[in-house]
Amino acid sequence: MIRLESVEKRYDSQPVLRGVSLSVEAGELLSLVGRSGSGKSTLLHIMGGLDRRYAGKASVLGHDLHALEDAALARFRNREVGFIFQSFNLLDHLTARENVALPSYFADAAAADVARRAAEALDRVGIGDKADARPSALSGGQKQRVAIARALVHQPKLLLCDEPTGNLDSDTGQQIIELFRTLNKDGLTLVIVTHEERVSSVASRVLRLVDGRLAS
Amino acid sequence: MRSRALVALVRQNLSRSRRSFALSVFGISVGIASLAFFLALSAGVRQVVLGKVFPIGQLEVVPSRSSVEGPIGLFSGFSGPKPLTEEAARTLSSRPEVKAAFRRVKMAFPARAWGGQEILGKNFYTELVAEGVDPAAMADESLGPEAFADNLGSHNRCNADAECASGEYCPWDTHACERPVPAVISPFIVELYNGTLATQTGLPKIGKFLAGRLRGIVFNIELGRSFIGASKSSVEPHQRKVMLVGISPHAAQLALTVPLGYVQAWNRQYAPGSPPLSSLVLEVKEGASVTSLTAAVRGMGYDIADSGAERAGLAITLVTLLFALVSFAMVSIAAINIAHSFFRTVAERRRELGVMRSIGASSSDVRRLVLAEAAVIGLCGGVIGLVTARLFAFVIDAASRRWVPDFPFKPDTYFSFGWTLLALALGCSILACMLGAFWPARAAARLEPTEALTS
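These numbers were taken from a predicted model, which means no experiment stands behind them.

### Section: the overall build of chain A
- When you go through chain A residue by residue, the secondary structure sums to seven helices and ten strands.
- Over its C-alpha atoms chain A spans a radius of gyration of 17 Å, differing by no more than 12% from the 17 Å that the globule rule assigns to 216 residues.
- C-alpha extents for chain A along the principal axes are approximately 45 × 40 × 35 Å.
- Expressed as a percentage of its 216 residues, the buried residues of chain A come to 56%.
- Here the contacts in chain A between residues at least 6 apart in sequence split such that 71% fall between residues at least 24 apart.
- For chain A, the accessible area works out to roughly 9,000 Å², and carbon and sulfur atoms hold 43% of it.
- Chain A carries 28 positive and 27 negative side-chain charges, and their two centres are separated by 2 Å.

### Some details on the state of the cysteines
All names here are of chain B.
- Scanning all chains against the criterion turns up two disulfides over all chains.
- Here cysteine 158 connects covalently by a disulfide to cysteine 170, the sulfurs 2.0 Å from one another. Where cysteine 158 bonds to cysteine 170 through sulfur, the torsion about that S-S bond is close to 95°, and the disulfide is right-handed. Taken as a pair, cysteine 158 in the loop between strand E5 (130–133) and strand E6 (181–185) and cysteine 170 in the loop between E5 and E6 lie far apart in primary sequence, twelve residues in all.
- Cysteine 158 gets classed as buried once you look at its relative accessible area, which sits at 4%.

### Quick look at the interface of chain B and chain A
- Contacts between the two partners involve 28 residues from chain B, matched on the other side by 26 residues from chain A.
- Summed over both partners, the interface of chain B with chain A buries about 2,400 Å², with 58% contributed by carbon and sulfur atoms.
- Put simply, chain B and chain A have three salt bridges between them.
- A salt bridge links arginine 53 of chain A to glutamate 451 of chain B; its shortest N-O distance comes to 2.7 Å.
- Counting only elements with at least two residues in the side of chain B that touches chain A, the list comes to helix H1 (3–16), helix H11 (350–358), helix H12 (363–403) and helix H14 (449–453) of chain B.
- Tallying contributions element by element places H1 of chain B first for the side of chain B that touches chain A, with seven residues.
- Of the residues belonging to the side of chain B that touches chain A, the class tally is ten nonpolar, nine polar and nine charged.

### Here's the deal with the domain arrangement of chain B
- The assigned domain composition of chain B is domain 1 (3–54 + 312–453) and domain 2 (59–306).
- Placing the centre of domain 1 of chain B and that of domain 2 of chain B at their C-alpha centroids yields a distance of 52 Å.

### Let's talk about the environment of alanine 136 of chain B
- With respect to the helices and strands, the residue alanine 136 of chain B is situated in the loop between E5 and E6.
- Separated by 13 residues in sequence, alanine 136 of chain B and alanine 149 of chain B have C-alpha atoms that sit 8.7 Å apart.

### Quick look at helix H9 (residues 290–299) of chain B
Residue and element names in this part refer to chain B.
- Every buried residue of H9 is listed here: Leu293, Thr294, Ala296 and Val297. The buried residues of H9 all sit within an arc of 160° when viewed along its axis, so they share a single face. Turned more than 90 degrees off the buried face of H9, the exposed positions are Thr291 and Gly299.
- Tucked into the core, H9 has its buried residues touching strand E1 (58–63), helix H4 (86–93), strand E2 (98–106), strand E10 (279–284) and strand E11 (302–304).

### Details of helix H6 (residues 170–185) of chain A
Residue and element names in this part refer to chain A.
- Compared with the 22 Å implied by 1.5 Å per residue over 16 residues, the 22 Å span of H6 between its first and last C-alpha is a close match.
- Buried residues of H6: Thr172, Gly173, Ile176, Ile177, Leu179, Phe180, Leu183 and Asn184, and no others. All buried residues of H6 project into a common sector of 155° when viewed along the axis, lining one side. Facing away from the buried side of H6 by over 90 degrees, the exposed positions are Asp171 and Lys185.

### As for the sheet that holds strand E10 (residues 213–214) of chain A
All names here are of chain A.
- With mixed pairing, six strands are arranged side by side in an open sheet as E6-E7-E8-E3-E9-E10. With partners counted over all chains shown, the strands left at the sheet margins are strand E6 (81–84) and E10, one partner each.
- Here strand E3 (residues 29–34) runs beside strand E8 (residues 189–194); their pairing, made up of five bridges, is parallel. Across the sheet, residue leucine 29 finds its bridge partner in E8, namely leucine 190.
- Along the sheet, helix H5 (residues 140–152) makes contact with E6 and strand E7 (158–162), crossing E6 at roughly 165°.

### Structural notes on empty space enclosed by the protein
- According to the stated counting rule, one finds two cavities of 30 Å³ or more in the structure shown.
- Of the volumes computed, that of the largest cavity is approximately 80 Å³.
- If you go around the largest cavity, you meet 13 residues; those closest to its centre are Arg77, Val81, Gly82, Arg150 and Ala151 of chain A.
- Elements that contribute at least two residues to the lining of the largest cavity include exactly helix H2 (70–79), E6 and H5 of chain A.
- By residue number, the principal contributor to the lining of the largest cavity is E6 of chain A, which donates three residues.
- The computed volume of the second largest cavity comes to approximately 50 Å³.
- Lining the second largest cavity we find Phe342, Thr345, Val346, Arg349, Leu353, Val370 and Glu373 of chain B.

### Looking at the pattern of salt bridges
- Counted by the stated rule, this structure contains 26 salt bridges over all chains.
- The shortest N-O distance in the salt bridge between arginine 53 of chain A and glutamate 448 of chain B comes to 3.8 Å. With arginine 53 of chain A in the loop between helix H1 (40–47) and strand E4 (55–60) and glutamate 448 of chain B in the loop between helix H13 (419–446) and H14, the pair connects residues from two separate chains.
- Of the charged contacts, one joins glutamate 348 of chain B and arginine 344 of chain B as a salt bridge, the two residues approaching to 3.7 Å between their closest N and O atoms. On the criterion of helical spacing, the pair formed by glutamate 348 of chain B and arginine 344 of chain B is a turn pair, its members being four residues apart in helix H10 (residues 309–348).
- Assessed through its relative accessible area of 39%, arginine 344 of chain B is described here as partly exposed.
- Because the salt bridges share partners, they merge into one network encompassing Arg16, Arg349, Glu352 and Glu373 of chain B.

Analysis parameters
- Residues numbered from 1 in each chain as written.
- Chains lettered and ligands numbered in written order.
- Predicted model: local features only at pLDDT ≥ 70, side-chain atom pairs only at ≥ 80, totals over all residues.
- Heavy atoms only, no water.
- Helix = DSSP H or I, 4+ residues; strand = E, 2+ residues; numbered from the N terminus.
- Rg over C-alpha atoms; globule rule 2.2 N^0.38 Å.
- Buried < 20%, exposed > 50% of the residue type's maximum accessible area, 1.4 Å probe, protein only.
- Contact = heavy atoms within 4.5 Å.
- Areas by Shrake-Rupley, 256 points an atom, 1.4 Å probe, with all protein chains shown as cover.
- Lys, Arg positive; Asp, Glu negative; His and termini not counted.
- Charge placed at Lys NZ, Arg CZ, Asp CG, Glu CD.
- Disulfide = S-S within 2.5 Å.
- Buried area = accessible area lost by both parts, 1.4 Å probe.
- Salt bridge = Lys/Arg side-chain N within 4 Å of Asp/Glu carboxyl O.
- Nonpolar A, V, L, I, M, F, W, Y, C, P; charged D, E, K, R; others polar.
- Domains from an automatic or database assignment.
- Arc of directions from axis to C-beta.
- Expected span 1.5 Å × (residues − 1).
- Pairing = 2+ DSSP bridges.
- Axes fitted to C-alpha atoms, helices over the stretch in contact; angles between N-to-C directions.
- 1 Å grid on protein atoms, 1.4 Å probe; cavity = no way out; pocket = protein on both sides within 12 Å on 5 of 7 lines; lining within 4 Å.
- Points joined across faces, edges and corners; volume = space filled by probe spheres on them.

Here it is as C-alpha cells:
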C-alpha cells in the first residue's frame, strides 16, 4: 500500500528525513513514534501527498506521488486518503455536517450524495446528533470525531493521523483509539504518528524515528 | 469543483466576513456609480446634441467656398463657386456609402410672411427665408393635415375662395384654385422662438400642446417683396397661403421648409439664373466610410457644410473621456483596495486553505474560490452602483424639470442608461474586482498544503 524508498527531506539546509525506506501493507495499523522534531509529521505529509519537496521515491496506493499533477494529487487526497490532525483543523464557521461535507465539495458529488455521506460518516463516529453544532460548541473529543468523520466521508483506503489524541484528555483519547481499532478491524489501513505509548500499544507495528532515520 | 459547490463555499465565506464584504462592495459601488453616472450623462447629452441640435449621420454637400470669387477670380479665369448641378447630385447619390440623397434649394429672392393670430393671439410679421427640400426627406415623418408634397391644387378657374374645393383658395393673380403650400419648420426654430422671441415679447411658448396645434395653421406669404426690399425681377409680387404641416428635424435649421418643386418654380420666376440646387443632403449608410464619401465630395470640387456636429461630438467625447478617466481612477482605487483586502484575507485564511488542500481542493479550486468571491463582490457593487447612479440621475432630472428654466432643446432627461452601458458598468465592476483579487488568488493557489497547515 505504501512504499517509501530513501526519502530525504531538508528544511533550508537542515536535514529532517535521512533516507527513510519503509513499506506498509493493506490492513495494517502502523504507529510512527519519536521525539518532537524527529520528522514523523513530515513523513506523514509526504505519504499523504501534502509535501512534494523531497528526494527519494514515495509510492502510495499505486501512485508515484512525485509524478502526479496538482489536480491528480488533489483527487488522490480527496478520495484515497483521509487526514486527521492533532488540532482537528475544523472550519469554525461551518457546522459539523458542513465540515464533514467539505471534501465532497471538491469531488464533483451531487448535493443529495453529499448530505447522505456526511450523515453516514457522522453516525459512524457516533455524533450524528451533533450535526448542526459548530466546532465552538463541541468538546475536544467531539471535534476529533467530526474530523474523523470528515476523513472517512469518501471511504478512503488509508487514514493518516498526526497526533490524533494529542489535544484530548486520557478518557477521550482512549475512546478515539478504540474508534481507530474498530476502523482497522473494518479493513482500513492506518498510519498514526504519535508519541503516546497507549496509541502504539494497539498498533500492529511500531516504527521509531530518531533524527530523521528509522531506528527499528 | 461543481458550480453549486463553489456557490455554497462562496456564500459561506462571504457571510462570515460581512463587514469586510460590505466595505469592499461599498468601495467598488462608489466607483461604478460614478462611472455609470458620467457615461449615462455623456450618452444623454450626446443624444440631445447630436440627435436634435446637430443631427449626425448625414452630410450636406454645398458648392465649394474655396473657389476664387470677385475680381481675382474674374481675371484668373475662375468664375466663383462651382454650382451644384443635377448631374453631380446624381453621381453622388449613386455612391455605395449613400443610403438616400435629398436635394435642397434656397429661395433666392425677397419674401415676407405674416400670420399666427389663431394660435399666438396676434399676427406675427417676418422676413421670409425659405428652402425647398425634396419631399422624400420627410417620407418617414408623421405630418398633417396635408402631405408634404408638390401639390398645386385643382387649377379650377375662380374669382373667390368660395368657388374652390374644400381646403383650396383662390389667388388673386392666377384666378386658379390652389391648395396652401405645405411647410415644415425645424425644432431649432421652435427652440429659438421659445428662447428669445417668446421671452422678449411675452408671446406664448410653443410646448408639446401648442406644437400639436401648430399643425394646419395657415399663414400668408408674399413672394418678390419683403420689408427690406423687392425682387430685382420685373415679375409682380404675388401672395400665397402656406399651411404648417409639422415640425421635423429634417427641415432646414433656420428657414421655412417647403417642397422642392415650389421653390424651384418660384426661383425660375423671381430669380432666374439662380443655382438649380443649393445643397445635397446625403444620408450615410450605417457602417459606411464617411471619410471616403467626404473625399469623393471634395474630389468633385464641392464642400461639406459644417453642421457643428463634428466639433460638438469631439467636445462631448473629450468631456466623456475626462469623466470616464476620473471614474476609472476611482474603480482602480477600489480594485487596489480589494487586492489589499484579499491579500489580508488569504493570509488570515492560510491554515483554512491548507485544510482545504489536504481534503482535496486543487490549486485551481482555491484560485476559483478566491476569484468567485471577488466576482460576487463585483456583481453586488456593480448592481448597487448602477442603482445609485440611476437614483442620482432621477433626482437631477426631477430637479431640472422643477427648478431649471427652459432653454433651447432642454431635454426631459439628461441621461441615457442603455443596455450597453449597464452591461459595461457591471462587467467593469466584476472585472475590476477579479483583477484586484488575481494576485491574492494566485498566491493562495500557490500555497503548499504542508506549509499552510503548519503556519
